[in-house]
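Below are the chains, spelled out letter by letter.
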Protein chains: 2
Amino acid sequence: MRKKTVIIGGVAGGATTAARLRRKDESMEIVLLERGEYISYANCGLPYHVGDVIKNRESLLLQTPEAMKKKFNVDVRVQNEAVKINPEDHIVTIKDLKAGRVYEENYDYLVIATGSSPVVPPIPGIDGPDIYTLWTVPDTDRIKKVIETKKPKTAAVIGGGFIGLEMAENLHRAGLEVSIVEMQDQVMAPLDFEMAQLLHENIEMNGVSLILGDGVASFEHKDGKTLITLNSGKELQTDMVLLSIGVRPNSELAGEAGLKLNGRGGILVDEMLRTSEENIYAVGDVIEVENYVLKEPAMIPLAGPANKQGRICADNIAGGQKKYKGTLGTSVAQVFDLTAGAAGVNEKTLIRKGKVRGKDYETVLINQKSHAGYYPGAVPVTLKLLFDLDGNILGAQAVGQEGVDKRIDVLAGAMRSGNTIYDLEELELAYAPPYSSAKDPVNMLGFTAENVLEKMVSFMSCRELDDRIETEGWEKDLTILDVTEEMERMVFHIPGSVHIPLGQLRQRMSELPKDRMIVTYCAIGVRSYNAARILMQNGFSDVKVLEGGTSFYQSMHY
Amino acid sequence: MRKKTVIIGGVAGGATTAARLRRKDESMEIVLLERGEYISYANCGLPYHVGDVIKNRESLLLQTPEAMKKKFNVDVRVQNEAVKINPEDHIVTIKDLKAGRVYEENYDYLVIATGSSPVVPPIPGIDGPDIYTLWTVPDTDRIKKVIETKKPKTAAVIGGGFIGLEMAENLHRAGLEVSIVEMQDQVMAPLDFEMAQLLHENIEMNGVSLILGDGVASFEHKDGKTLITLNSGKELQTDMVLLSIGVRPNSELAGEAGLKLNGRGGILVDEMLRTSEENIYAVGDVIEVENYVLKEPAMIPLAGPANKQGRICADNIAGGQKKYKGTLGTSVAQVFDLTAGAAGVNEKTLIRKGKVRGKDYETVLINQKSHAGYYPGAVPVTLKLLFDLDGNILGAQAVGQEGVDKRIDVLAGAMRSGNTIYDLEELELAYAPPYSSAKDPVNMLGFTAENVLEKMVSFMSCRELDDRIETEGWEKDLTILDVTEEMERMVFHIPGSVHIPLGQLRQRMSELPKDRMIVTYCAIGVRSYNAARILMQNGFSDVKVLEGGTSFYQSMHY
Ligand SMILES: Cc1cc2nc3c(=O)[nH]c(=O)nc-3n(C[C@H](O)[C@H](O)[C@H](O)COP(=O)(O)OP(=O)(O)OC[C@H]3O[C@@H](n4cnc5c(N)ncnc54)[C@H](O)[C@@H]3O)c2cc1C
Ligand SMILES: Cc1cc2nc3c(=O)[nH]c(=O)nc-3n(C[C@H](O)[C@H](O)[C@H](O)COP(=O)(O)OP(=O)(O)OC[C@H]3O[C@@H](n4cnc5c(N)ncnc54)[C@H](O)[C@@H]3O)c2cc1C
Ligand SMILES: CC(C)(COP(=O)(O)OP(=O)(O)OC[C@H]1O[C@@H](n2cnc3c(N)ncnc32)[C@H](O)[C@@H]1OP(=O)(O)O)[C@@H](O)C(=O)NCCC(=O)NCCS
Ligand SMILES: CC(C)(COP(=O)(O)OP(=O)(O)OC[C@H]1O[C@@H](n2cnc3c(N)ncnc32)[C@H](O)[C@@H]1OP(=O)(O)O)[C@@H](O)C(=O)NCCC(=O)NCCS
């Protein structure tokens, strides 16, 4: 008996399921339903088509329905929307959007790969004429056409997530004057504030205006422009608005059919990606996954997981017993001149869960060069690592011009393997001057993390230093010690700091008071760490190192 | 009682040991002996100074003796050579090379970090005037001066290891016409032949002549030039010779003192990096390590391991109990337009050890894009993975213009963590179009490796195909099936192949004979794999896929 699999949704998760299933089972009948016009396209490339980085629109369409039919013998039906699932009778009701006809299709296996859609909140005026979201190929065509024909001069991007930032960058590239409005005090939620601050600096350096900690109260169409009123009362006039404030799973269909959903609408699946109904699987943005680090339910709408889930789902339909083991949320994005990447949990999340630094977890934040400093083109990379007091890695973040994706990938692999910070020290990474240093930044994260756990070093964050020196008379409790060379100090120094270059510290430490906290600093943190070691072993009992050094400190105060 | 550590050798392993030891123990007396003029320099950058990529000579000198004294309170003695170790009495005899004086120094702990030296074999004429090795700063100064003053037009590099290739590239950059002579049939020993072949193609494309499988019989200085006679009888005239045919450990001192050495002169150490003598440690190129994959003794002279060992050694001297767990040999090198990287063992080594493919191990070789194909700048990366039949990863190799170091690092991490190929499938790597694909090349290695182990696919290497079609009448046993599109076939096809584009295969497979082996091919291997799946499930029992597709096949026959 020839079995039949019906797949709802024809892009990342759905198309991959179809392709793998075909390779596993040449005789299976496979029907792929897609309500849009296109299947198997590169959602992730769409922002770059707007900015003309990806010039060729066709290159975004990885498979056409015809090719998918010919190569994979999949019955692809675009502009066919699944409108009802009947799990009892194993029947899907489908609406042919072009013909207007409604019909039924029975299935042995059903795969729900309906993805997610951008959130459009009920803000007054949100249905105004110049307000767009970017999610599909037609969305992209529309925005490109507006830019070409209406020639807008200004754009406001609402939402500073990765898609918002990619759009800001590409609208900027397309010649528009761009503002970003973000409700939180930072862009790129996977990063902690101080890491995001590096992006803020660079975004503004690129002439894009950044409004943080403010949300949209209303939109109003007026004189051919959109007037945006923010919660703070601030107003903004713009030619076009790009809304990018989050996504919600396309699970109405599943919910109506009685499949179990979580509170955010995510379809619940077991490890084999089976929903609560027999023979119905679900993959991609629409499902709830397990956060690999916290072992808690999560919604993580990313293409890598969707593709992997599709392959696992196909194998299970073909009789396999494959498990999907959860999602780390490894992500990366280009943000103007920088790359930002992250994996696992961030500090905000730990704090929200009531965890306390020093008791439940620790962090290190370091600055290293992307490759050997003496080889041309080396640029700084800032890395942050979160780990518990046994050394288990909880999360990692990196920002820099180069080499960020590599370090995040290595760290994501380490987290996936349950590595500790001690394992990071031992990682034997490829070294030649154009690529890395003999101690790779990832090794350095391990070293510094060990030093923290072994109490060889204690860091003070820029924020904490700022808080302290805001108090009148702080000098009575704290000495800020600059251990850089004379020349460096002339270029920049933290006001109120004392200056003793590292090379003179052993001779001159009697100049320093032993009864108060000392915070050492240098350019990146290495010399100040060496200085701290000298002091700690010479009777100074409360010594801290300024995290990331002045290079980071200056970015925090850009 | 103040303890004293004497360290012999002041570069990668030695200087790192000193720095870390100081941070661990401010009161320890630390003496650093270096027979050369410089400590703590960037050996790895030296070739690039010859090619003027690294213009500033000073940038290669990471620490001066003075700075090391001031910052780390280390008693650095350059041009002081350790000439004898007396383990019983804990005494080192030292020759001050400048003053000519010989003196003694006692120690509580001794660290041998004497590194290695280039092998200079007793070939007739090897002491000729224009024959150089590059290992130290003075070597570099000498070669740079020769290039500037004598203006040689041609150079022959003897040895195609990574230093030889870096020198070939940099001499080429400096305007010389370069030949490389290598005894083996390939350059870059960590790679297998077919991977090295990609480098051969690129080296020759860059106008460097490559003589493989031939060694030097003699050198002769004649008319201001060096005449090189090769074992084959072939002759080569050149203005300068750069010898780079391997290294040997600087362990005479250790050997004479009775420390246990292996057959190649490597100092034997335990997991804590202690030699056979009490309180004598050794690190770096001079020691024998354990091959992390084979769990066998090995000599692996690389900077990453030397640095890590130095840190572990320091911690153990300071009372720690740290273990060094072996070396994977992760390496990377820039070779003209390409990057080549490797970790773990290669197939040559497995074969040498009597292992049989299909019985003891399997391999996959794939071609993937460095990042999403639709985003500008994506270039092919060729990856090879070796694994045993349980899926344990034995080794990995990669060659390409970009993204090679990242994939090798991820794979090295996976190997270090004892991952299997199934783990590679699950690795959640960072994806955005400028950095990778939703299925990263490393995931793809996992997928294809699983397919091999599950017998969903069987690959034929280019070499095997070549061997088969050399036999007269091969067509009786074998059909070569081209599944590319018409346009692609017009550009290139394998002679004697049959053509059915993938999209027509289901309709036209009756044209193919079922009684003989079929090898499918396309550009990179993906469509031909899909074709093979169709055939295998339709009664064709012996179907293979041409490994790496025609893009790889063409490089094999460049
Ligand atoms: C602009 C943009 C940039 C992105 N960049 C990245 C990135 O850089 N990295 C990354 O990892 N991820 C990125 N993503 C996210 C990534 O594209 C998604 O996580 C991934 O596509 C999810 O796969 P999916 O199969 O679950 O859903 P989708 O790929 O969205 O496919 C779902 C499909 O189902 C169809 N559908 C829905 N309901 C029905 C129905 N009832 N009947 C028929 N068809 C239906 C939809 O029309 C849609 O085509 C980006 C997304 C966008 C929009
Ligand atoms: C040109 C070149 C390029 C390289 N490129 C790379 C690369 O890209 N990646 C990589 O991983 N590795 C590379 N290496 C290898 C790397 O530099 C070595 O593996 C590393 O330096 C070994 O560290 P070590 O401390 O064991 O020895 P070294 O760094 O060589 O230091 C040993 C020191 O000991 C001194 N010494 C020896 N005997 C005595 C004695 N009796 N008394 C006093 N002093 C003594 C020597 O003069 C020497 O300075 C390269 C090496 C060279 C030469
Ligand atoms: C286009 C699409 C249908 C292709 O699906 P696919 O055939 O599974 O994927 P690929 O073309 O990448 O090929 C991967 C397959 O080839 C195999 N393969 C890869 N390289 C190979 C090589 N050199 N030789 C042999 N096999 C190879 C892999 O093992 C895998 O097969 P498997 O899953 O059976 O193990 C699907 O990926 C898709 O729709 N993608 C676009 C949508 C999307 O992902 N959007 C979000 C990101 S922008
Ligand atoms: C120069 C040299 C003496 C420096 O040794 P070092 O001080 O151990 O190394 P680094 O300057 O890289 O600093 C690393 C230390 O700073 C710490 N560190 C790094 N970044 C930090 C930051 N942002 N904040 C605080 N600490 C940091 C690390 O944890 C490490 O300390 P640890 O070993 O006590 O854990 C030694 O590396 C050397 O001689 N190198 C050149 C020779 C060589 O390696 N050649 C071969 C390759 S070309």
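The coordinates are above.
Quick notes on the rules
Residues numbered from 1 in each chain as written. Chains lettered and ligands numbered in written order. Predicted model: local features only at pLDDT ≥ 70, side-chain atom pairs only at ≥ 80, totals over all residues. Heavy atoms only, no water. Contact = heavy atoms within 4.5 Å. Buried area = accessible area lost by both parts, 1.4 Å probe. Salt bridge = Lys/Arg side-chain N within 4 Å of Asp/Glu carboxyl O. Helix = DSSP H or I, 4+ residues; strand = E, 2+ residues; numbered from the N terminus. Nonpolar A, V, L, I, M, F, W, Y, C, P; charged D, E, K, R; others polar. Buried < 20%, exposed > 50% of the residue type's maximum accessible area, 1.4 Å probe, protein only. Phe/Tyr/Trp six-rings, centres within 6.5 Å; stacked < 30°, edge-to-face > 60°. Lys NZ or Arg CZ within 6 Å of the ring centre and 35° of its normal. 1 Å grid on protein atoms, 1.4 Å probe; cavity = no way out; pocket = protein on both sides within 12 Å on 5 of 7 lines; lining within 4 Å. Points joined across faces, edges and corners; volume = space filled by probe spheres on them. Near = heavy atom within 4 Å. Polar contact = N/O pair within 3.5 Å; in protein donor to acceptor, adjacent residues only side chain to side chain. Areas by Shrake-Rupley, 256 points an atom, 1.4 Å probe, with all protein chains shown as cover.

## So, the interface of chain B and chain A
Between chain B and chain A, the contact holds 84 residues from the first and 84 residues from the second. The junction of chain B with chain A conceals about 7,100 Å² of combined surface from both sides, 53% of it contributed by carbon and sulfur atoms. Three residues, R23, Y374 and E428 of chain B, lead the burial of chain B against chain A; their summed loss comes to 12% of the area buried on that side. For the interface between chain B and chain A, the tally reads 22 salt bridges. One salt bridge in this structure joins R506 of chain B and E26 of chain A, with 2.5 Å as the shortest N-O distance. Broken down by element, the side of chain B that touches chain A gets its largest block of residues, eight residues, from helix α10 (residues 404-416) of chain B. Its residues assigned to classes, the side of chain B that touches chain A shows 34 nonpolar, 22 polar and 28 charged.

## Quick notes on the environment of K308 of chain B
Among the secondary structure elements, K308 of chain B is positioned in helix α8 (residues 303-317). What makes K308 of chain B buried here is its relative accessible area of 6%. Sequence separation of K308 of chain B and V111 of chain B is 197 residues, and the distance between their C-alpha atoms is 14 Å. In this view, K308 of chain B contacts E425, E426, L427, E428, A438 and N443 of chain A; residues no more than four positions away in its chain are not counted.

## Some details on the pattern of salt bridges
Applying the stated criterion across every chain, the model contains 80 salt bridges over all chains. For K384 of chain A, the salt bridge identified is with D192 of chain A, shortest N-O distance 3.0 Å. Placement of K384 of chain A in strand β24 (residues 380-388) and of D192 of chain A in the loop between β11 (177-182) and α6 (193-205) is noted, with a sequence separation of 192 residues between them. Through salt bridges with shared partners, one network takes in R20, R311, D315 and K322 of chain A together with E425 and E450 of chain B.

## Some remarks on the packing of aromatic side chains
Two aromatic rings are characterised by how far apart their centres lie and by the angle between their planes. Inspection of the entire model under this criterion finds four aromatic pairs over all chains. Ring geometry for Y48 of chain A versus Y375 of chain B: centroids 5.0 Å apart, planes at 90°, classification edge-to-face. Residue Y48 of chain A is located in helix α2 (residues 46-50), and its partner Y375 of chain B is located in the loop between β23 (361-369) and β24 (380-388); the two belong to separate chains. When the ring centre of Y103 of chain A is taken as reference, the NZ or CZ atom of R101 of chain A above it lies at 4.3 Å. Between the NZ or CZ atom of K295 of chain B and the centre of the ring of Y292 of chain B, over which it lies, the distance is 4.2 Å.

## Brief notes about empty space enclosed by the protein
On inspection of all chains with the given rule, the structure shows six cavities of 30 Å³ or more. Considered as a void within the structure, the largest cavity measures approximately 60 Å³ in volume. The wall of the largest cavity is formed by V410, G413, A414, S417, N419 and L427 of chain A together with V410, G413, A414, S417, N419 and L427 of chain B. Elements supplying a minimum of two residues to the lining of the largest cavity: α10 (404-416) of chain A together with α10 of chain B. Residues that form the lining of the largest cavity fall into these classes: six nonpolar, six polar and no charged. By volume, the second largest cavity amounts to about 50 Å³. L302, A303, G304, P305, T330 and S331 of chain A together with E428, L429 and Y431 of chain B together form the lining of the second largest cavity. When grouped by side-chain class, the residues that make up the lining of the second largest cavity number five nonpolar, three polar and one charged.

## Here we look at the site of ligand 3
Contacts to ligand 3 come from 33 residues, most closely from R20, R23, S40 and R311 of chain A together with Y529 of chain B. Near ligand 3, the surrounding residues belong to chains A and B. Between ligand 3 and R20 of chain A, the relevant distance is 2.6 Å, taken from an oxygen atom to a side-chain nitrogen or oxygen of the residue. A distance of 2.6 Å separates an oxygen atom of ligand 3 from a polar side-chain atom of Y529 of chain B.

## Considering the site of ligand 4
Within the structure, ligand 4 sits among 33 residues, and Y529 of chain A together with R20, R23, S40 and R311 of chain B are positioned closest to it. Residues within reach of ligand 4 are spread across chains A and B. Here an oxygen atom of ligand 4 and a side-chain polar atom of R23 of chain B are 2.8 Å apart. R311 of chain B is positioned such that a nitrogen or oxygen atom in its side chain is 2.8 Å from an oxygen atom of ligand 4. When isolated, ligand 4 has an accessible area of 970 Å², and the protein chains bury 92% of it.

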